Amino acid sequence: MITHPSQSTQPVAPLDDNSEMLLQENRVAVLLAGYGEVESYRDLSRYNQAATKYIAAQFVSIPDWLYPLAGWFLTLQDLYNFGVKHDRFMSPENKIFEKQRLGIEEELQDKWGNRVQVFKGFYFCQPFVQEVVADIIEQGFENLLIYPLLVVDSAFTSKIAVEQVNEVIAAKSAQNESQHSTFKKIRYIPAFATEPTYINLMVSQIKESLNQPLASGFFESQIGIILTVHGGPEKAQGLLTGVIDGQVLYDRVQAHLQHQYPLISIGWINHDTPLMNWSEPNLKQAAKSLIEAGAKTILFKPLGWATENFETILDVDDVIQSLQRKYPTVTYTRLDCVNDDPDFMKIAAEWANPDIEAMLSVPKHHD
């Protein structure tokens, strides 16, 4: 994990003409990357084919010819889950992601001006990462900062961003397009599992929620807190899964809360696949354990996602409905992700500043 230095507050020295020209040419494109969610059910098949290629293929060997069939099968499941079971649910992820892009860009341009521009790209739907990277190259940006933002498990799912960027670079090189230079510098922001500012924000939001009426009337020992994290198989093909980063993040947030709220558990949101061992405990297992230990109210707080999506909404709501049938006297509350919280926008921009500073550094002019 890269530890970023504190922001410099020293005044910036005046630039000579050569340095001014270099700054105009030496711009940074910040690429926010995430899954994205389809906004039309007609796009589900293409979405699921891409997900099969970039995610499922990391767990099991899948031949290329099987991607369309797998995409079609997953689409049938999604059409039932989103269209029938959840009354034509449409994820708010894309709209929130755009608000995050605007918020982070505003923060960065306050510091760096127009030398920094923030783009967004999705892995499985429009605007596709590959198309956005090609556009960034067309616009003449010489520096690229890859910034996977949606989930904490950067060691696994966010590898997709790097893979898709490399696909574009390879294609451009193969075309030998001399009129468009490729990037001079590429940097990458890793997972936020150990970032103190994010951990403190999580703790602050949870404590603020616990001060609301939803937790009143209970002793602290009767309040169950489940911190939800993106689950995954224990093993992938030559790649560490996000379970490691998710566990680290949970451990650090738990350490701030457990003395006052002892009934606290991680809750992995899994999409179980046969013949694989997935992270435990899942949401339902975690909730049952806390209820059996005396919890009278359960709070579900997304910990491993920065942006709301179907997993943080539908998957949690489904578990709550199931628990209500078995434990009707217990109350349940689903809390929000950080989304476009202004405090998070500032934090997310600060993570990018050291890399931007390194890429925008102007060599000293010597007479």
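The structure presented is a predicted model; accordingly, all values stated were derived computationally and were not measured.

## Here we look at the pairing of strand β6 (residues 264-269)
Across the 6 residues that make up β6, a large majority, 6, are buried. By the alternation rule, side chains of β6 split into Ile 264, Ile 266 and Trp 268 and Ser 265, Gly 267 and Ile 269, which are all buried. As defined by bridge partners, strand β5 (residues 223-230) adjoins β6 across 6 bridges and the pair is classed as parallel. Residue pairing in the sheet places Thr 228 in a bridge with Gly 267 of β6.

## Description of a nonpolar patch on the surface
On the surface, Leu 69, Trp 72, Phe 73, Leu 76 and Leu 79 cluster together to form a nonpolar patch covering roughly 510 Å² of accessible area. The residue Leu 76 is located in helix α3 (residues 67-85) in this model. Residue classification places Leu 76 among the partly exposed residues on the basis of a relative accessible area of 41%.

## Thoughts on the environment of Arg 46
Relative to the elements of secondary structure, Arg 46 occurs in helix α2 (residues 44-54). With relative accessibility at 53%, the residue Arg 46 sits in the exposed group. Each C-alpha atom, one on Arg 46 and one on Phe 124, is 7.6 Å from the other, the two residues being 78 residues apart in sequence.

## Thoughts on the nonpolar core
Counting residues in each nonpolar core, the largest one holds 110 residues, and the members touching the most others are Leu 108, Phe 124, Val 253, Phe 300, Phe 344 and Ile 356. Not counting chain neighbours up to four residues away, the residues in contact with Phe 124 comprise Tyr 35, Tyr 47, Ala 50, Ala 51, Tyr 54, Ile 55 and Ile 160.

Reading the values: rules and limits
- Residues numbered from 1 in each chain as written.
- Predicted model: local features only at pLDDT ≥ 70, side-chain atom pairs only at ≥ 80, totals over all residues.
- Heavy atoms only, no water.
- Buried < 20%, exposed > 50% of the residue type's maximum accessible area, 1.4 Å probe, protein only.
- Helix = DSSP H or I, 4+ residues; strand = E, 2+ residues; numbered from the N terminus.
- Pairing = 2+ DSSP bridges.
- Patch = residues over 30% accessible without salt bridge, like charges linked within 9 Å, V, L, I, M, F, W, Y side chains within 5 Å.
- Areas by Shrake-Rupley, 256 points an atom, 1.4 Å probe, with all protein chains shown as cover.
- Salt bridge = Lys/Arg side-chain N within 4 Å of Asp/Glu carboxyl O.
- Core = buried A, V, L, I, M, F, W, Y, C linked by side-chain atoms within 4.5 Å.
- Contact = heavy atoms within 4.5 Å.

Purely geometric numbers; function is a separate question.
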